[in-house]
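Structural features, examined
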Amino acid sequence: MIRQVKGKTPRRHPPKKTSNNQKDPVGVYCRVRPLGAEDEECCIEVISNTTIQLHAPDGLKANRNGEFKETQYSFKKVFGIKTTQRELFEDVAKPLVEDLIYCKNGLLFTYGVTGSGKTHTMTGSPGQGGLLPRSLDMIFNSIGPYQAKRYVFKPDDKNGMEVQNQVDALLDRQKRESQTTVPKTPNSRRVDPEFADMISPEEAFTADGVDEDSSYSVFVSYIEIYNNYIYDLLEETPFDPIKPKPPQSKLLREDQNHNMYVAGCTEVEVKSTEEAFEVFWRGQKKRRIANTQLNRESSRSHSVFIIKLAQAPLDADGDNVLQDKNQVNVSQLCLVDLAGSERTSRTRAEGSRLREAGNINQSLMTLRTCIEVLRENQMCGTNKMVPYRDSKVTHLFKNYFDGEGKVRMVVCVNPKADDYEETLLVMRFAEMTQEVEVARPVDRPICGFAAGRRQRNQAFKEELTRRLEDRGGPVNGEIPTILSQLLQSFPSLPASEIAGPNDDVTLPRLIEALEKRHKIRQMMVEEYNKTANMLKSMLQEQDGNVVAKENFISEQRGRLGEKDKMIQNQKNEIDRLEKKSKMLEYKIDILQKTSNIHEEDKRSLQNELESREQRLQRELSDKRRMESRMQGIVSDTKLKWEKECERRVNAKQLEMQNKLWVKDEKLKQLKAIVTEGKSENRQPQRPSREKDKVPPKRSASPSPVPSSYNSSQSSLCSLEPIYNFNQMVRPDPSSPIVSVASCISEWEQRVPRCPRQSSQSPPDSRKRVQGLPNSLGRRRGGCWAREHEVPAQPADFEADHMTVPPVRPLHRRSHSAGGERWVDHKPNTNVDLDTVMQPNLPNAIKVSAPSEKALSKCDKYVLTHQEVASDGEIQTKLIKGEVFKTRGGGQSVQFTDIETLKQEYPASASRKRRSSESGPSHEGERTDGDWTDVETRCSVAVEMRAGSNLGPGYQHHGYPKRRKP
Ligand code: ADP
Ligand code: MG
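Just so it is clear, the structure is predicted and the values come from calculations on it, not from any experiment.

1. A closer look at the site of ligand 1
Residues in close proximity to ligand 1 include Arg31, Arg33, Pro34, Val113, Thr114, Gly115, Ser116, Gly117, Lys118, Thr119 and His120, which together make up its full environment. One of the side-chain nitrogen or oxygen atoms of Arg33 is found 2.8 Å away from an oxygen atom of ligand 1. His120 places a polar main-chain atom, nitrogen or oxygen, 2.7 Å from an oxygen atom of ligand 1. Protein coverage of the free-state accessible area of ligand 1, which is 550 Å², stands at 65%.

2. Description of the pairing of strand 26 (residues 874-885)
Regular strands place their side chains on alternate faces of the sheet. The buried count for strand 26 comes to 10 of 12 residues, which makes it a mostly enclosed element. Pairing geometry for strand 25 (residues 860-868) and strand 26, over nine bridges, is antiparallel. The residue bridging Lys860 from the neighbouring strand is Glu882, located in strand 26. Between the end of strand 25 and the start of strand 26, which pair antiparallel, lie five residues, with Gly872 showing a positive phi angle near 90°.

3. Topic: the nonpolar core
Of all hydrophobic cores here, the largest spans 54 residues; its most connected members are Ile52, Phe75, Leu107, Phe109, Phe397, Phe401 and Met427. The greatest single-element share of this core, amounting to seven residues, is contributed by helix 12 (residues 420-434). Contact partners of Leu107, with chain neighbours within four places excluded, come to Leu96, Leu333, Cys334, Val336, Phe397, Tyr400, Phe401, Lys406, Val407 and Arg408. Listed in part, the 45 residues of the second largest apolar core include Tyr29, Leu233, Val268 and Cys412.

4. With respect to the pattern of salt bridges
Enumeration over the complete set of coordinates arrives at 30 salt bridges. Linking Glu644 and Arg648 is a salt bridge whose minimum nitrogen-to-oxygen distance equals 3.2 Å. With Glu644 and Arg648 both in helix 15 (residues 506-678) and four residues apart, this pair spans about one turn of that helix. The residue Lys880 makes a salt bridge to Glu899 at a minimum N-O spacing of 2.5 Å. Highlighted residues: Lys880 in strand 26 and Glu899 in strand 27 (residues 891-902), separated in sequence by 19 residues. Its relative accessible area of 33% is what places Glu899 among the partly exposed residues. Look at the salt bridges and you will find they share partners, linking Arg150, Arg176 and Glu275 into a network.

So, how was this worked out
Residues numbered from 1 in each chain as written. Chains lettered and ligands numbered in written order. Predicted model: local features only at pLDDT ≥ 70, side-chain atom pairs only at ≥ 80, totals over all residues. Heavy atoms only, no water. Near = heavy atom within 4 Å. Polar contact = N/O pair within 3.5 Å; in protein donor to acceptor, adjacent residues only side chain to side chain. Areas by Shrake-Rupley, 256 points an atom, 1.4 Å probe, with all protein chains shown as cover. Buried < 20%, exposed > 50% of the residue type's maximum accessible area, 1.4 Å probe, protein only. Helix = DSSP H or I, 4+ residues; strand = E, 2+ residues; numbered from the N terminus. Pairing = 2+ DSSP bridges. Core = buried A, V, L, I, M, F, W, Y, C linked by side-chain atoms within 4.5 Å. Contact = heavy atoms within 4.5 Å. Salt bridge = Lys/Arg side-chain N within 4 Å of Asp/Glu carboxyl O.

Encoded structure:
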């Protein structure tokens, strides 16, 4: 704002005025007058003491389809219909009058459509005096005792004020008294009934702090601006009733301080409210007359009443006004009653009257434009030219808007419906006007004389009078006592009577005395002059001092002002920064909230991520487990089949060898028969070397073991062909040579001797197996029933083994001694599964690998075997068997039963539905593998017992022990 002002068109400041950066907005007040008739439609409502609301009248609403809704307008203050003239004055005009007394200018105007109460507000009526008479009254109430004598202040023709000396003032006064017959009734409130009782004494206001050491004088002017012409309403023109002279318009001029004034305008010095109002009324009358004479409407003209207050300090004595033009201060208060603001169309004017109305509106339009431009310049920092000169009104008041001074406007509104549209325009203008700022008037420097001069002088005069009276006083031109005392101090005069013509003594003596007195007088005059000069120079010095001090003070004041300005600027800056910081705090708040939300989001996302990762991990580990299980299964199956293949190959090999051997034997027999037939008497020969060699070779295959071997090799428990071979084919040169035929016959003869030893049945005894004694068959059947998990061997497998050598009878341990004793074989590789179902074997010998020692002590064997089931779970099998003593002193185990312990994942259970009880097709497959694995783990040889339907039988050969040397 401050910078904007500086940026404006250079404005020539009056020298007296100090630059001022403080600004006040134009004070806009709103006064709502009462409706003319009670039943009239009202379209204004006072909402608060600062706001009014306009409602579109019913007719308008209907016409415009409800386009006009309620609008509110705010002002510095709103005065309702009940507001008294006094209240209005107190709020609106009193501060302006106070300013006027403190040497500050003011402008007050009323604005509104015709009939809205502008004149009522400004002038009022008897008993209801408006702002104008009340302002005058307050001025005179305040400065009354301090008014200068008439004509002491005299306006020059250039808007300035001079101070006349006492004599000139006196002469002027005398001249006035002789010319006019103004009744001297300054203190009686009375007169013209037309304006009597404008203000009742009890409603009077007085300004405080009037400078008692100054002298005041009030001058009033009254002008009318009509059709953009200025007329002086107080001009005294000789009235010619026959041919009335049309009033002469006045021109606007700019004074040396660049203030605008009406050149040649009458300024009447008034000494009382009554006198002032009388002058105003005179002008009012003149205006009325002129309007009737010239057929004008008074509502089309602006009337401007200017109150000028001149004030000047009293001299050092406090007696007279200081005769110094520079010390005279003139302030003015303009009270303007503007023309009706209604548009031309509303006036039913025609012809020249229309033109007038247009002009009137033109001047109000100009006022409006000026206000608009001012506002724009101030608010936007633009530098547009304000068109003050476009109309007299704006031109005249240019200084108020452009320079400094308080500007106030009373917007008058009539709430009646007819005025609604005009009132809307008035409101808009008024609201806009409020946004214009005007420089605040500054305090003028006061005169440098000591304060209280008037009173001191008065007091001195009173004191002097009192003292003189006390001493018998110098009443009515008598020589004062002080003077007589002075005279008495002179040497007394000699007798001045001349004795005679020859008296030469008296005269010379008198002359001498007189000369003496003359000398003394001269001396005294000199002394007096000297003292006076001294005093004068002292005074001048003091004066100088005082002036210097004053300068210093004013300098300090200037600095103070600057400091004030700086402080103000700082304050503004602080305000701005505070606002900014508030804004930033608010932003921070928002950002913090946002970041909190984001953090929460982040946390939840992280949680989700973690849970997903965990799930992923779980799935991965599941997958890995599955993979390993699958691998285990695959490798197990592979191993099983490899072994299976190997076994089959071996079996086939054995079979073929057996066949070969049988053929060989037959061939041998044939050969023997042939040779026997050829040489019956020949001694039995030893078989040829080649033939000798064959049987041992053949015996390497599982062959029906000759009985001779059975006894000699009874310690052998193994059915392993290799071991049999090793034991059996040990070349014994002492062994008798047995013929093949005898061997066969012997072997054939053994069968009926050992009917229960089915294992020793010949290769073709398969059919005989099926014809086993019932008891055995039943037992085996029972076994089958119990050993439901024992895998069924493939038929060909069984058949293939029909040719295997017979197994020796197994000796079961007695169960009687102290119940059963178990070998609990748990391989080290087993995993502790922590299952609830655990086998409880009391009195068991726990081993991690099969040992002959343990087996020899027990009659039952159980192997805890773990494997991976096809569904990936670890499956525990308890493979039970019975321990038999072999004839060779070893132990063999015949497996009898398998118990399966299986764990299931609850999650996978429903899906897999695999259990030990599931379909037999799977079971078979699985148990096949199981067998293979058990085989591996036991590290024992496995062999299908020939002719046994019991399934695979395990025999412990005491292998590790035997290998020991
Ligand atoms: P304007 O000057 O705006 O054309 P006037 O001041 O002449 O209007 O007012 C027109 C009429 O309304 C006058 O008779 C006046 O007495 C009356 N009037 C205006 N304002 C008020 C008011 N506030 N209270 C009472 N009467 C009012
Ligand atoms: Mg009026």
